[in-house]
Amino acid sequence: MPIPASPVLRAAARWLERLPDSSAARCRALFTNHADFSDLTPTQYEAAYSWLEGNGLLTVSHSSASVSEQIFRTALAASDTPWLPDADVLVRSPEELPEDALRAAEALGITECEAYEQVNAVWGKADAEARARIGNAGEIELARHIAMATEARVEHVAAYSDGFGYDIAVHARQHTLHIEAKSTVRRGRLAFYLSRHEYETMRRDPAWQLVLVQLTQALAIAAVASVPADWIGAQVPVDKGSYGRWEACRFDVSPEVLIPGIPRLAPVLDAGTTGLLLPGGREG
């Protein structure tokens, strides 16, 4: 669903401005009969009311955001605009706002700078929710694949605590591996976030390994690759002073950095194991 047309957005703002103090029937009569509101058609007012209702804005009891901000944020979040999932890369300043966002902002009386802030807020919320959902699915699927390919004990430790600094533990009598899994459904862009705790765990734990998990849209594993710890160490920020330190950072990984599969699992995999866990392996 695209962002609603400008007349519908303006009509939506008029509904939300008046509904707290009046009934829908009185507002409808006002919009239909008063000359001040005749720049929009009854059809546009009805389309706006249906849109507000469908997106839950008619039941919001209180919000610190202005009417225009509420509508703008909802219009972005409820749309299927192709640029929003990559807004952190595609929209790095108000000057880079896409045309549909600029049109919506103009219709609602929002400045470019305000619109840019709202885009970041919407992207951040959606990205955090998607990363949590996709990340959990990737961890579960990876742990399942490893468990099927080995007699070693496989624990999805992140399911009960995020304090380990890794997500999956593989325990064998003479071999241990601690896997920090980062999952994505995107193709052509490999990016992940690493917390300071995960990084410090990597530094002190020789069994730690970061693994990128490529998922399909149905959240099934399509590919697995390992990221070398020395490459990660070369990319992290450096604390400049005694009163500040980085707590999380994002990495954009080029394909040549990746090592196919999880080679460090080889000692514990069952004889004859094939598939995506091994270098050069494919699912199937």
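Residues numbered from 1 in each chain as written. Predicted model: local features only at pLDDT ≥ 70, side-chain atom pairs only at ≥ 80, totals over all residues. Heavy atoms only, no water.

A. A look at the overall build of the chain. Broken down by element type, the chain carries 9 helices and 8 strands. For the chain, the spread of C-alpha atoms along the three principal axes comes to 80 × 45 × 35 Å. Accessible surface, the chain as shown: approximately 15,200 Å² in total, 52% of it carbon and sulfur. (Helix = DSSP H or I, 4+ residues; strand = E, 2+ residues; numbered from the N terminus. Areas by Shrake-Rupley, 256 points an atom, 1.4 Å probe, with all protein chains shown as cover.)

B. Quick peek at the pairing of strand β3 (residues 176-184). Counting buried positions along β3 gives 8 out of 9 residues, so the element sits mostly inside the fold. Of the strand pairs in this sheet, strand β2 (residues 168-171) and β3 are connected by 4 bridges, and their pairing is antiparallel. In the sheet register, I168 faces β3, and the bridge partner there is I179. In terms of strand pairing, β3 meets strand β5 (residues 208-215) through 7 bridges, oriented parallel. What sits directly across from H178, in β5, is W208. (Buried < 20%, exposed > 50% of the residue type's maximum accessible area, 1.4 Å probe, protein only. Pairing = 2+ DSSP bridges.)

C. Local environment of the nonpolar core. Of all hydrophobic cores here, the largest spans 38 residues; its most connected members are L9, W15, I71, F72 and W83. Only α1 (6-18), α2 (24-33), α3 (42-54), α4 (67-77), α6 (99-108) and α7 (112-148) provide two or more residues apiece to this core. Sorting elements by how many residues they give to this core places α1 first, with 7 residues. The contact partners of I71, leaving out residues within four places of it in the chain, are L9, A12, A13, L16, W51, L57 and L108. If you look at the next biggest cluster of nonpolar residues, it comprises 24 residues, including A152, V170, L265 and L269. (Core = buried A, V, L, I, M, F, W, Y, C linked by side-chain atoms within 4.5 Å. Contact = heavy atoms within 4.5 Å.)

D. Region of interest: the sheet that holds β5. What the 6 strands build is an open sheet, ordered β1-β2-β3-β5-β6-β8; its pairing is mixed. Looking along the sheet, the strands with just one partner apiece sit at the ends: β1 (153-155) and β8 (259-260). Contacts from α7 reach β1, β2, β3, β5 and β6 (221-227) within the one sheet, and its direction differs from that of β3 by about 140°. (Axes fitted to C-alpha atoms, helices over the stretch in contact; angles between N-to-C directions.)

E. How the structure looks around the side chain of D127. Within the element layout of this structure, D127 appears in helix α7. The exposure class of D127 is buried, given its relative accessible area of 10%. The residues contacting D127, other than those within four sequence positions of it, are R186 and Y193.

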